[in-house]
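The chain contents come next:
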Amino acid sequence: MMNRKQERKSAHGAATPMSTLLNKQDQYNTDRQKSEIRKTVIEIFDLSLRLQETTDGTIGWIDWREPGIPCVYVEYHGATAVLSVKIWENGFSAEQRPDYSTMLFLDNRNCMIEAGYLKEKLMGLLEERRGSDNGKDDSDHN
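Conventions adopted
- Residues numbered from 1 in each chain as written.
- Predicted model: local features only at pLDDT ≥ 70, side-chain atom pairs only at ≥ 80, totals over all residues.
- Heavy atoms only, no water.
- Helix = DSSP H or I, 4+ residues; strand = E, 2+ residues; numbered from the N terminus.
- Areas by Shrake-Rupley, 256 points an atom, 1.4 Å probe, with all protein chains shown as cover.
- pLDDT = per-residue confidence, 0-100.
- Contact = heavy atoms within 4.5 Å.
- Core = buried A, V, L, I, M, F, W, Y, C linked by side-chain atoms within 4.5 Å.
- Buried < 20%, exposed > 50% of the residue type's maximum accessible area, 1.4 Å probe, protein only.
- Pairing = 2+ DSSP bridges.
- Axes fitted to C-alpha atoms, helices over the stretch in contact; angles between N-to-C directions.
- Phe/Tyr/Trp six-rings, centres within 6.5 Å; stacked < 30°, edge-to-face > 60°.

> Quick question: what am I supposed to make of the overall build of the chain here?
Per the secondary structure count, the chain includes 3 helices and 3 strands. Listed by position from the N terminus, the elements making up the chain come as α-α-β-β-β-α. With an accessible surface of roughly 10500 Å², the chain has 50% of that area assigned to carbon and sulfur atoms.

Below, the structure written as structure tokens:
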């Protein structure tokens, strides 16, 4: 005959139902996807800020209308979970449409494909900008 302590131990050691395991897997997948989206959005914001850095590493006002300096517009819409991004690769012009424009619907898994393309585009612009900055005489710039 089992006493109460043994009964509790036996009940606690029972196999976990398959539905519980599947729910935990779904939650893990959902949490991982949320984490990926969050990481990607932060990377996009970071790359946009890095494009605005001056040669000494500070973030300051840059005349985006100056030809050759890319202008990046990033906006997050909390009510709809959308990240809007517009890029004018050769400087901002009110008369010209952006060279690149997208709306990333963060609740859509397919947004990660477009987000990856966007990150590559921003990294390319950053590399171009750094390359053009290397020609300038600035002892603080590596």
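> Before we go on, may I ask you to explain the confidence of the model for the chain in this structure?
As a note on interpretation, predicted positions should not be read in detail where pLDDT is low. Per-chain confidence: the chain averages 76 in pLDDT, with 65% of residues scoring 70 or above. Scored below 50 in pLDDT, residues 136–142 shows 7 contacts in the model against residues more than four places distant or in partner chains.

> It is not clear to me how the environment of valine 85 should be interpreted in this structure. Could you clarify?
Positionally, valine 85 belongs in strand S2 (residues 82–88). For the pair valine 85 and phenylalanine 45, spaced 40 residues apart in sequence, the C-alpha separation works out to 9.8 Å. Apart from the residues within four sequence positions on either side, valine 85 is in contact with Ile44, Val72, Tyr73, Val74, Tyr100, Ser101, Thr102 and Leu118.

> What's the story with the nonpolar core in this structure? I'm lost.
Proteins that are soluble and globular tend to have nonpolar side chains buried together. One finds Ile44, Val85, Ile87, Leu104, Leu118 and Leu122 to be the most contacted residues of the largest nonpolar core, which totals 18 residues. For this core, the secondary-structure elements that each account for two or more residues are helix H2 (18–51), S2, strand S3 (100–105) and helix H3 (111–133). Looking at this core, the element that brings in the most residues is H3, giving 6 residues.

> Would you mind showing me how to read the sheet that holds S3 here?
Sheet strands pair by backbone hydrogen bonding; their relative direction is either parallel or antiparallel. In spatial order, the strands read S1-S2-S3; together these 3 strands make up an open sheet with antiparallel pairing. Of all the strands in the sheet, the pair left with one neighbour each is strand S1 (71–77) and S3. With direction set aside, neighbouring strand axes in the sheet form an average angle of 10°. Pairing of S2 with S3, which is carried by 6 bridges, proceeds in the antiparallel orientation. Within S3, the residue paired with leucine 83 across the bridge is leucine 104.

> Quick question: what am I supposed to make of the packing of aromatic side chains here?
The relative placement of two aromatic rings is captured by the distance of their centres and the angle of their planes. With the rule as written, the count across this model stands at 2 aromatic pairs. Between tryptophan 88 and phenylalanine 92 the ring centres are 4.8 Å apart and the planes differ by 75°, which places this aromatic pair in the edge-to-face class. Their ring planes at 50° and their centres at 5.8 Å tell us that tyrosine 100 and tyrosine 117 sit as a pair that is tilted. In this pair, tyrosine 100 is assigned in strand S3 and tyrosine 117 in helix H3, connecting sequence segments 17 residues apart. Judged by its relative accessible area of 43%, tyrosine 117 is partly exposed.

> Would you take a moment to explain the pairing of S2 for this structure?
Across the 7 residues that make up S2, a large majority, 6, are buried. Two strands pair when backbone bridges link them, and S1 and S2 are joined in this way by 7 bridges, in the antiparallel orientation. Of the residues in S2, the one forming a bridge with tyrosine 76 is leucine 83. Taken together, S1 and the strand that follows it, S2, pair antiparallel across an intervening segment of 4 residues, in which alanine 81 is found at a positive phi of about 55°.

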